[in-house]
Amino acid sequence: MATLIVPDNVSPSQDAEVLRKACEGWGTDEKAIISILGHRNAEQRKQIRLAYHQLYQEDLVKRLESELNGDFEKAVYRWILEPADRDAVLANAAIKKGETDAKVLIEISCIRSPEELLAVRRAYQHRYKRSLEEDVASHLSGDLRKLLVGLVSAYRYDGEEINTRIGNSEAEILHHAIKDKAFNSDEVIRILTTRSKPQLNAIFNRYREEHATSITKNLLGDDAHPNDFQKALHTTVRSLTDPHKYFAKVVRDGIKKLGTDEDSLTRVIVTRAEKDLRDIKDLYYKKNSVPLGQVVAKETSGDYKKFLLTLLGEED
Amino acid sequence: MALPDELGTLTKAFSGLGVDEKSLIRILGKCHPEQTKSFRKGAPDFFIQDERLFERWDDHRVKLLKHEFMRFKNAVVLWTMHPWERDARLVKEALKKGPQAYGVIVEVACTRSSEELLGARRAYHSLFDHSVEEDVAHHVHGSERKLLVALVSAYRYEGPTVKEDAAKSDAKALANAFKNADKKSLIDDDEVIRVLSTRSKLHLQEVYNYYNKHHNNIDEDLDGDSRLKEAVQCLCVPQKYFSKVLDAALKNDAEKNTKKGLTRVVVTRADVDMKLIKEEFHNLFGDSLSKKIEDTAHGNYKDFLLTLIARRDAN
């Protein structure tokens, strides 16, 4: 469930006026910006941008970019973009970062629906004049490239039909690959990057039935230090099977990184506020015995904090 | 029936692509039983002398004849199909037929626009309850799998922007791969697959041209791997590729699957680039495509094809 709180009656042109006023003159009225944008869904934000452009011949996004700064600006910038465009920006940033932290790319390709992923690919082409897969491919190599290009190029069947025979044979194949520690086998990559989500869940369930452990445990192997590829495999399976649990963990790790890297926390809150942030909050509380809102309030500050809390549905 | 001539016409009506319905009606509709018997005796390719002293149809021939009669029907059904369904079914059929038909998968993946390929993938979901990439990955084995899966999964950028440096470095990457071709097969090479399956077609043109200018002749270098050569041709010089498919289909001794190329190419390209294909065909083979079809095909099937390939000529 979403955490975003939206009022019943909204007027895009009124909102545009308020935002204009907030940006005019000396200083910026961040409170007004948060109180409007923090309570509008994607369609409404789109309408506000259009209204703002009509009224003032200016791109609201550019205006906000120049008025705001720091983590608050980054969060608002990501928030105000349309979801597919936002994911394209996040993907490009992740690719450019040069690390082989494939989390963002895996999230986008495994947690979005097939049609949403397509929209991201289109938005990426529109923005960067190249395809997403060509950038992923040219910045990575080896096994990680094979996995990630496969994941971002997938257009998975999105129906409910599953085939039990295929489920069983694919589970066997995974079992053999894991047993031989051949985690990077073409078969493992094939299964993870082409099968539909319901089919994958059937495969993983079958695996657990037959081998008494969940596949996620076995994918990390016995190594205390799994390599980047193994970590990516692990992330892939978790994103495909239990995205809420996955995000709760990203948030927890993200909070530990605060002070040096706000990106993870911002990303989860901004991208899930309209989807399932409530479920993630509940799971976070279950696992950490402290409400997420409380932790965010303690570990962040200023307008950035206020904005995050608003998106989390925590009002003052 | 003036025997040798009509016999020849009758035999011809049953040979080649499609059947000459008009001749069959004209000759068979009017001839006497005695004349039909002479036809049977005089056509050892079609009829065999049975031990119980009668001439019987060769079963295999009847089967072939069934295909020839169906050629027009298949062309009509394929022509009227939505392009997405058409491409999805072509890929599925190729997967079922096995490695000798995989060229069709390359053809569909590489010669359609990004949106057309996407549409075909959607239709594939509806028709077969699987994604095209999962079926290709599951059915194709060996070294071709990686390339084919990558090609059908592509959603290439189609705008005008091409970065020259990137094209140059891609050409270099290909050159390296070709140099090591005896140690590592080309079609398995990650860089070759990356370039061919992710880059835009305009970018690939640059790579193709740059390679030919600064390294080697790319067509020669690719001679060792026909699947790769097909892919490169489909992506960079599709009209050349299609002309070759047509030429092979129109040969007298073409085998069953090759012959199907004629219907497939005419139906799928009639409204896309048939004019260019006709020009390229003439450049490569000296004959006009319509003349070749006139010589090799018959009846309604022939008329249908000729009409299709001429339909955009007035523009």
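Analysis parameters
Residues numbered from 1 in each chain as written. Chains lettered and ligands numbered in written order. Predicted model: local features only at pLDDT ≥ 70, side-chain atom pairs only at ≥ 80, totals over all residues. Heavy atoms only, no water. Helix = DSSP H or I, 4+ residues; strand = E, 2+ residues; numbered from the N terminus. Rg over C-alpha atoms; globule rule 2.2 N^0.38 Å. Buried < 20%, exposed > 50% of the residue type's maximum accessible area, 1.4 Å probe, protein only. Contact = heavy atoms within 4.5 Å. Areas by Shrake-Rupley, 256 points an atom, 1.4 Å probe, with all protein chains shown as cover. UniProt positions renumbered as here; feature names shortened; annotations may be inferred. Domains from an automatic or database assignment. Buried area = accessible area lost by both parts, 1.4 Å probe. Salt bridge = Lys/Arg side-chain N within 4 Å of Asp/Glu carboxyl O. 1 Å grid on protein atoms, 1.4 Å probe; cavity = no way out; pocket = protein on both sides within 12 Å on 5 of 7 lines; lining within 4 Å. Points joined across faces, edges and corners; volume = space filled by probe spheres on them. Nonpolar A, V, L, I, M, F, W, Y, C, P; charged D, E, K, R; others polar. pLDDT = per-residue confidence, 0-100. Polar contact = N/O pair within 3.5 Å; in protein donor to acceptor, adjacent residues only side chain to side chain. Patch = residues over 30% accessible without salt bridge, like charges linked within 9 Å, V, L, I, M, F, W, Y side chains within 5 Å. Lys, Arg positive; Asp, Glu negative; His and termini not counted. Charge placed at Lys NZ, Arg CZ, Asp CG, Glu CD. Phe/Tyr/Trp six-rings, centres within 6.5 Å; stacked < 30°, edge-to-face > 60°. Lys NZ or Arg CZ within 6 Å of the ring centre and 35° of its normal. Disulfide = S-S within 2.5 Å. Expected span 1.5 Å × (residues − 1).

> Could you clarify how one ought to interpret the overall build of chain A in this entry?
The helix and strand inventory of chain A stands at 20 helices and zero strands. A compact globule built from 316 residues would reach a C-alpha radius of gyration of about 20 Å, and chain A, at 21 Å, matches this within 12%. For chain A, buried positions account for 52% of its 316 residues. Restricting the contact set of chain A to residue pairs at least 6 apart, pairs at least 24 apart contribute 69%. As displayed, chain A has an accessible area near 14300 Å², and 47% of this comes from carbon and sulfur atoms.

> Would you explain the UniProt feature "binding site: Ca(2+) 1" (unreviewed entry) in chain A in this entry?
Residue and element names in this part refer to chain A. With numbering aligned to this structure, UniProt lists the feature "binding site: Ca(2+) 1" (unreviewed entry) at Gly-25, Gly-27, Glu-67, Gly-259, Glu-299 and Thr-300. Separation in sequence by 276 residues is matched in space for these annotated residues, since their most distant C-alpha atoms are 31.5 Å apart. Under the relative-accessibility criterion, Glu-299 is labelled partly exposed at 39%. Excluding its chain neighbours within four sequence positions, the residues that come into contact with Glu-299 are Ile-255 and Leu-258.

> How should the domain arrangement of chain A be read in this particular structure?
Residues and elements named next belong to chain A. Along its sequence, chain A is carved into domain 1 (12-68), domain 2 (83-152), domain 3 (164-241) and domain 4 (243-311). Listed per partner, the contact involves ten residues of domain 2 and twelve residues of domain 4. For the pairing of domain 2 and domain 4, the buried interface totals around 880 Å² over both sides, and the portion due to carbon and sulfur atoms is 51%. For the domain 2 face of the interface with domain 4, the top three residues by lost area are Arg-86, Glu-107 and Ile-111, together amounting to 51%. Our count for the contact surface shared by domain 2 and domain 4 stands at three salt bridges. Counting residues per element, the ones that place at least two in the side of domain 2 that touches domain 4 are helix H6 (83-96) and helix H7 (103-111).

> Whenever I open this one, unusual backbone geometry confuses me. Can you help?
One can expect most non-glycine residues to show negative phi and most peptide bonds to be in trans. Phi is positive for Ser289(A), close to 60°, though the residue is something other than glycine. With respect to the helices and strands, Ser289(A) occurs in the loop between helix H18 (277-288) and helix H19 (292-299). In this structure Ser289(A) comes out as exposed when scored by relative accessible area, which is 61%. Although it is not a glycine, Asp129(B) adopts a positive phi angle of roughly 55°.

> Honestly, the UniProt feature "binding site: Ca(2+) 2" (unreviewed entry) in chain A in this entry has me stumped. Any pointers?
Residues and elements named next belong to chain A. Taking the UniProt record as the reference, the feature "binding site: Ca(2+) 2" (unreviewed entry) is found at Ile-255, Lys-257 and Ala-297. Positionally, Ile-255 belongs in helix H16 (residues 243-256). For Ile-255, the residues in contact, after removing those within four places along its chain, are Leu-265, Tyr-284, Leu-292, Val-295 and Glu-299. Inspection of the secondary structure puts Lys-257 in the loop between H16 and helix H17 (263-272).

> Please explain empty space enclosed by the protein as it appears in this structure.
With a probe scaled to a water molecule rolled over the atoms, the places where space remains empty come into view. The full count for this structure, using the stated rule, is nine cavities of 30 Å³ or more. Estimated volume of the largest cavity: approximately 480 Å³. Around the largest cavity, the lining is made up of 26 residues, and of these Lys146(A), Gly150(A), Lys146(B), Val149(B) and Ala150(B) lie nearest the centre. Listed by contribution, the elements that provide at least two residues to the lining of the largest cavity are helix H9 (132-139), helix H10 (142-153) and helix H12 (186-194) of chain A together with helix H8 (132-139), helix H9 (144-153) and helix H11 (190-198) of chain B. Split into classes, the residues belonging to the lining of the largest cavity amount to nine nonpolar, seven polar and ten charged.

> Please clarify how the confidence of the model for chain A should be interpreted in this entry.
Low-pLDDT portions of the prediction should not be read for the details of their coordinates. When pLDDT is averaged along chain A, the result is 91, and 97% of the positions lie at 70 or above. By mean pLDDT, helix H14 (residues 215-219) of chain A is the weakest element of chain A at 81, and helix H8 (residues 114-128) of chain A is the strongest at 96.

> Just checking my understanding: could you explain the interface of chain B and chain A for this structure?
Buried accessible area, meaning the area lost when the parts come together, often serves as the stated size of an interface. Every contact between the two is made by 28 residues of chain B and, on the other side, 28 residues of chain A. Across the interface of chain B and chain A, roughly 2700 Å² is buried in total on both sides, 49% from carbon and sulfur atoms. On the surface where chain B and chain A come into contact, there are six salt bridges. For Glu134(B), the salt bridge identified is with Arg195(A), shortest N-O distance 2.5 Å. Counting across the chain B and chain A interface gives 20 residue pairs in polar contact (both at pLDDT 80 or more). Of all the secondary structure elements, the ones that give two or more residues to the side of chain B that touches chain A are helix H7 (114-128), H8, H9 and H11 of chain B. At five residues, H7(B) tops the list of elements feeding residues into the side of chain B that touches chain A.

> How should I be thinking about a positive patch on the surface in this particular structure?
A contiguous patch of positive charge, built from Lys217(A), Lys245(A), Arg252(A) and Lys287(A), is present on the exposed surface. If you trace the backbone, Arg252(A) turns up in helix H16.

> What's the story with the pattern of salt bridges in this structure? I'm lost.
In a structure, side chains of opposite charge can pair up when their charged atoms sit close to one another. Under the counting rule described, the total for this entry stands at 65 salt bridges over all chains. Residues Glu115(B) and Arg122(A) are paired through a salt bridge, measuring 3.3 Å at the closest nitrogen-oxygen approach. Pair noted here: Glu115(B) is in helix H7 and Arg122(A) is in helix H8, and the two residues belong to different chains. On the basis of relative accessibility, which here comes to 32%, the residue Arg122(A) falls in the partly exposed class.

> Quick question: what am I supposed to make of H8(B) here?
For an α-helix, the turn length of 3.6 residues means that residues three or four places apart are oriented alike. Extensive coverage of H8(B) is indicated by the burial of six of its eight residues. Of the surrounding elements, those touching the buried residues of H8(B) are H10 and H12 of chain A together with helix H5 (83-97), H7 and H9 of chain B.

> What exactly am I supposed to notice about the packing of aromatic side chains here?
For the structure on display, the rule yields 13 aromatic pairs over all chains. Consider the rings of Phe47(B) and Trp57(B), whose centres lie 4.4 Å apart with planes at 40°: the pair is tilted. Here the residue Phe47(B) occupies a position in strand S1 (residues 47-49), and Trp57(B) occupies one in strand S2 (residues 55-57), the gap between them amounting to ten residues. Taken together, Phe39(B), Phe46(B), Phe47(B) and Trp57(B) form an aromatic cluster joined through their ring pairs. Its guanidinium or amino end placed over the ring of Trp79(A), Arg45(A) lies 3.9 Å from that ring's centre, counting from NZ or CZ. The lysine or arginine in question, Lys92(B), covers the ring of Phe128(B), its NZ or CZ lying 4.9 Å from the ring centre.

> Mind showing me how you'd approach the environment of Glu299(A) here?
Inspection of the secondary structure assignment puts Glu299(A) in helix H19. For the pair Glu299(A) and Lys256(A), spaced 43 residues apart in sequence, the C-alpha separation works out to 9.1 Å.

> Hey, could you run me through the state of the cysteines in this one?
Disulfide: a covalent bond connecting the sulfur atoms of a pair of cysteines. All names here are of chain B. Scanning the entire structure with this criterion turns up zero disulfides over all chains. Just so you know, Cys-110 is unpaired, no disulfide at all, and the nearest cysteine sulfur is the one on Cys-234, 5.5 Å from it. Assessed through its relative accessible area of 0%, Cys-110 is described here as buried.

> Got a minute to help me understand the domain arrangement of chain B in this structure?
The domain architecture assigned to chain B consists of domain 1 (4-57), domain 2 (83-155), domain 3 (158-234) and domain 4 (241-309). Its C-alpha centre places domain 1 of chain B at a distance of 53 Å from the equivalent point of domain 3 of chain B.

> Would you mind going over H7(B) with me for this structure?
Spanning 15 residues, H7(B) covers 21 Å between terminal C-alpha atoms, matching the ideal 21 Å at 1.5 Å per step. Those residues of H7(B) that sit buried are Ser114(B), Leu117(B), Leu118(B), Gly119(B), Ala120(B), Arg121(B), Ala123(B), Tyr124(B), His125(B) and Phe128(B). Each element contacted by the buried residues of H7(B) is listed here: H8 and H10 of chain A together with H5, helix H6 (103-111), H8 and H9 of chain B. The positive-phi residue at the C-terminal boundary of H7(B) is Asp129(B), with phi of around 55°.

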